[in-house]
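Topology and contacts: notes
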Amino acid sequence: METSSAPEARPAPTVEASASDTAADAPRWQHAICWQVYPLGFCGAPLHREDLGAETYGERQGDNVVHRLDRIVGWLDHLLALGADVLILNPIFDSASHGYDTLDHLRVDPRLGDESDLDALIAACRERGISLVLDGVFNHVSHLHPLVRRALADGPDSPAGACIRWSGAHPYGFEGNEDLVELNLAEPAVQERIAQVMNLWLDRGISGWRLDAMYAAGPEAWTPILDMVRAEHPEAWILGEVIHGDYRTLAEASGADSITQYELWKAIWSSIRETNLFELAHALGRHEAFVHGGEGDGGGSPFLPLTFLGNHDTTRIASQLPDGRDLAVAVTLLALLPGIPAIYAGDELGAVGTKENRAGGDDAVRPLFPASPDALRSGIGPDGTWHGEAPAGASPSLALLSRPAAPRLFEVHQRLLGLRRREGWLASARIHVDEDSLTNSSVRIVLEADGPAPSDGSAAPRGLALWLNLSDDPLDLPTHAEVLTQVSGADMLDAVGPAAPGIVPPHGTAIVR
């Protein structure tokens, strides 16, 4: 696989050893809470490159570096205030347009900056105890990639030709996109080069990788790659993007630590939007099986999928739900269900944006952010749109469901994620849906600690019950119930006042011991 010369491998920024840096790596990831950013949109990079007119990319007409990546540094304290400790970045490497059409895996996209900008971001994360995960787009590359050019020149039977997939005499386009040429991940030279790239950036100080479109090549292609990575970086966290299938089995077969839980994502917004919590109940049964294994799996350690309400490829959750009050239910589920929760940047403030099936249809869900939360507060208009200076040709600016509601939405995220931190067992909790309570608009979900009682004689954690209510009427809680917190969708959105004691508020939730 051809690419640029490797950046000099530099030691990761030094920090004092702590539990999260040594033998406690597994618990650290088990209790991770992620904040995900799409950097090209977030930082205001041009959507299209105007500097790729050279006859060969190696002439480096793309050397007009603009230092934009530091915009993310201005939001790291916001990430911590939210309650997160992991930053997942979508593509940052040299690409032709949206980041998933890679030109060079060893070079930062010049629209974002250069190696020094990435080093500074890594250092800023490490100073704050934030783990940085990068997006590995290794399933396919741009049709302008030097390897593809060489393969086309030399033919399918050449060494370069063996590194890409073919459809007859033409390169095979990922999911029908001719500008995204699939690599042949069964080819040992490709596997070795991907592992080299992954290890190089891990050497530089990142903590893990999101493997884009991991589903395409299948787990058997990724096993030898991840074996090579684990040999040098056994502590690295590997997240695989998979849409459908048995997530637990796919992770075990490939060696990935976590898989994107798209089934639960769909069930949360769909069941709320359609007022059909039976769909949610079914998905929670599936989620329980993914986390703990189904009958006959023989138990073993819990498998923790990545749970989310939205990402760079989906309509924002605030735009999915016709009644904004119901965000209270969605956020409660994300914050407290087992797995590794990921908040897509802006969702914690009520960001809106609809994905459309057209060219540029992702732009609205990949918006430009201001330089800091303070800049957002000072520049957001009554309509919820940030009106700061926006570069020409960049993504549209961040837009919120409601300017007044944004701090209340953030507080709800903080409160519920704080509860998750205090009740650490929730990360791998057992899920039981109380069928007697299940209706289209309400349900009681019981979460209990997994595993035997503590060996030190201390009491086992007491379980929690999540009461969800999508109706316009309050639900009475059992008498003498120990209510830890209530989330009123109406209060969160419109500041109508807290819920009355002893009820599950309309379009809201109650968490009961």
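Residues numbered from 1 in each chain as written. Predicted model: local features only at pLDDT ≥ 70, side-chain atom pairs only at ≥ 80, totals over all residues. Heavy atoms only, no water.

1. Examining the packing of helix α13 (residues 327-336) against helix α15 (residues 406-422)
Direction vectors running N to C along α13 and α15 enclose 30°, while the axes themselves pass 9 Å from each other. Overall, the two elements α13 and α15 adopt an arrangement that is roughly parallel. In this structure, α13 crosses over α15, and the sense of that crossing is right-handed. Here α13 contributes L327, V331, T332, L334, A335 and L336 to the contact with α15, which in turn contributes L409, V412, H413, L416, L417, L419 and R420. (Axes fitted to C-alpha atoms, helices over the stretch in contact; angles between N-to-C directions. Helix = DSSP H or I, 4+ residues; strand = E, 2+ residues; numbered from the N terminus. Parallel < 35°, antiparallel > 145°, perpendicular 65-115°, else oblique. Left-handed = near helix turned anticlockwise from the far one by under 90°. Contact = heavy atoms within 4.5 Å.)

2. Observations regarding the side chain of N90
By the secondary structure assignment, N90 is in the loop between β2 (86-89) and β3 (93-95). Among the polar contacts listed, one links the side chain of N90 to the side chain of Q36, at a separation of 2.9 Å. The contact partners of N90, leaving out residues within four places of it in the chain, are Q36, V37, Y38, P39, Y100, D135, R210 and H312. (Polar contact = N/O pair within 3.5 Å; in protein donor to acceptor, adjacent residues only side chain to side chain.)

3. A closer look at the nonpolar core
W35, I72, L87, M198, W209, I445 and L447 are the most contacted members of the largest nonpolar core, which has 133 residues in total. When residues in this core are grouped by element, the largest group, nine residues, is from α13. Each residue touching L447, except ones within four places of it in the same chain, is listed here: L336, L337, P338, W425, L426, A429, R430, I431, G463, L464 and L466. In terms of nonpolar packing, the next biggest core, distinct from the first, is built from 13 residues, A32, C34, V133 and L304 among them. (Core = buried A, V, L, I, M, F, W, Y, C linked by side-chain atoms within 4.5 Å. Buried < 20%, exposed > 50% of the residue type's maximum accessible area, 1.4 Å probe, protein only.)

4. Thoughts on the side chain of D117
With respect to the element layout, D117 can be found in helix α4 (residues 115-127). No salt bridge is formed by the buried D117; the nearest opposite charge belongs to R68, separated by 10 Å. Contacts of D117, omitting those with residues within four sequence positions, involve H67, L69 and L112. (Lys, Arg positive; Asp, Glu negative; His and termini not counted. Salt bridge = Lys/Arg side-chain N within 4 Å of Asp/Glu carboxyl O.)

5. Focus on the sheet that holds strand β16 (residues 430-433)
On the basis of which strands lie adjacent, the open sheet formed by five strands has the order β16-β17-β18-β22-β20 and antiparallel pairing. Pairing within the sheet leaves two strands with one partner each, and these edge strands are β16 and β20 (483-488). When strand polarity is set aside, the average angle formed by the axes of neighbouring strands in this sheet is 15°. Here strand β18 (residues 464-469) runs beside strand β22 (residues 508-512); their pairing, made up of five bridges, is antiparallel. Paired with W467 across the two strands is A510, which belongs to β22. Taken strand by strand, helix α11 (residues 277-292) contacts β16, β17 (442-448) and β18, and its axis lies near 155° from that of β16. Those strands touched by α13 are β17, β18, β20 and β22, and its axis lies near 35° from that of β22. (Pairing = 2+ DSSP bridges.)

6. Topic: unusual backbone geometry
Among all residues save glycine, negative phi is the norm, and among peptide bonds the norm is trans. Phi is positive for H480, close to 65°, though the residue is something other than glycine. Here H480 lies in the loop between β19 (475-476) and β20. With a phi close to 50°, H507 is a non-glycine residue in the positive phi region. If you trace the backbone, H507 turns up in the loop between β21 (503-504) and β22. A relative accessible area of 4% means that H507 is categorised as buried.

7. Structural notes on the layout of surface pockets
In this structure, the largest pocket encloses a volume near 920 Å³. Lining the largest pocket are 36 residues, and of these H98, D313, K355, D362 and R366 lie nearest its centre. Those elements that place two or more of their residues in the lining of the largest pocket are α2 (39-42) and β10 (177-182). For the lining of the largest pocket, the element with the most residues is β10, which contributes three residues. Of the residues that constitute the lining of the largest pocket, the class distribution is 13 nonpolar, eleven polar and twelve charged. (1 Å grid on protein atoms, 1.4 Å probe; cavity = no way out; pocket = protein on both sides within 12 Å on 5 of 7 lines; lining within 4 Å. Points joined across faces, edges and corners; volume = space filled by probe spheres on them. Nonpolar A, V, L, I, M, F, W, Y, C, P; charged D, E, K, R; others polar.)

8. Some thoughts on the packing of aromatic side chains
Under the defined criterion, the tally for this structure stands at 14 aromatic pairs. Each ring, one from W75 and one from F369, has its centre 5.4 Å from the other, and the planes form 80°; the classification is edge-to-face. Of the two residues, W75 is situated in the loop between α2 and α3 (76-82) and F369 in the loop between β15 (340-344) and α14 (373-379); the sequence distance between them amounts to 294 residues. On the basis of relative accessible area, W75 is assigned to the buried category, the value being 0%. For F369, a relative accessible area of 1% translates into the label buried. Pairing W265 with W269 gives two aromatic rings, centres 5.8 Å apart and planes at 65°, and the pair type is edge-to-face. Of this pair, W265 and W269 are both found in helix α10 (residues 262-273), four residues apart, which corresponds to roughly one turn of the helix. W269 matches W265 in its accessibility class, with the two residues each being buried. Ring pairs connect the aromatic residues W35, F42, W75 and F369, which therefore count as one cluster. Positioned above the aromatic ring of Y172 is the side chain of R165, whose terminal nitrogen or guanidinium carbon lies 4.3 Å from the ring centre. (Phe/Tyr/Trp six-rings, centres within 6.5 Å; stacked < 30°, edge-to-face > 60°. Lys NZ or Arg CZ within 6 Å of the ring centre and 35° of its normal.)

9. Here's the deal with the environment of W209
On the secondary structure map, W209 appears in strand β11 (residues 208-211). Residues W209 and G346, spaced 137 residues apart in sequence, show a C-alpha to C-alpha distance of 22 Å.

10. Some points on the environment of L280
In this structure, L280 sits in helix α11. Sequence separation of L280 and L264 is 16 residues, and the distance between their C-alpha atoms is 7.8 Å. Apart from the residues within four sequence positions on either side, L280 is in contact with L264, A267, I268, S271, L333, I445 and L468.

11. Topic: helix α8 (residues 219-232)
An ideal rise of 1.5 Å per residue puts 20 Å on 14 residues; α8 measures up with 20 Å between its terminal C-alpha atoms. The sharpest bend along α8 comes to roughly 25°, located at I225. Turning to α8, its buried residues number three or more, namely P219, A221, W222, I225, L226 and V229. On its buried face, α8 is in contact with α6 (188-203), β11, α7 (214-217), β12 (237-240) and α9 (247-254). (Expected span 1.5 Å × (residues − 1). Bend = angle between axes of the 7 residues up to and from the residue.)

12. Considerations on the confidence of the model for the protein chain
Interpretation of this model should avoid reading the predicted coordinates in detail wherever pLDDT is low. For the protein chain, the average pLDDT comes to 91, and 90% of its residues sit at 70 or higher. In this model, residues 9-26 is a region of pLDDT below 50 whose contacts with residues beyond four sequence positions or in other chains number 23 contacts. (pLDDT = per-residue confidence, 0-100.)

13. Some thoughts on the environment of V365
The topology assignment puts V365 in the loop between β15 and α14. With 51 residues separating them in the primary sequence, V365 and T314 have C-alpha atoms 7.2 Å apart. Those residues in contact with V365 that sit more than four places away from it in its chain are H312, T314, T315, R316, Y344, G353, T354 and K355.

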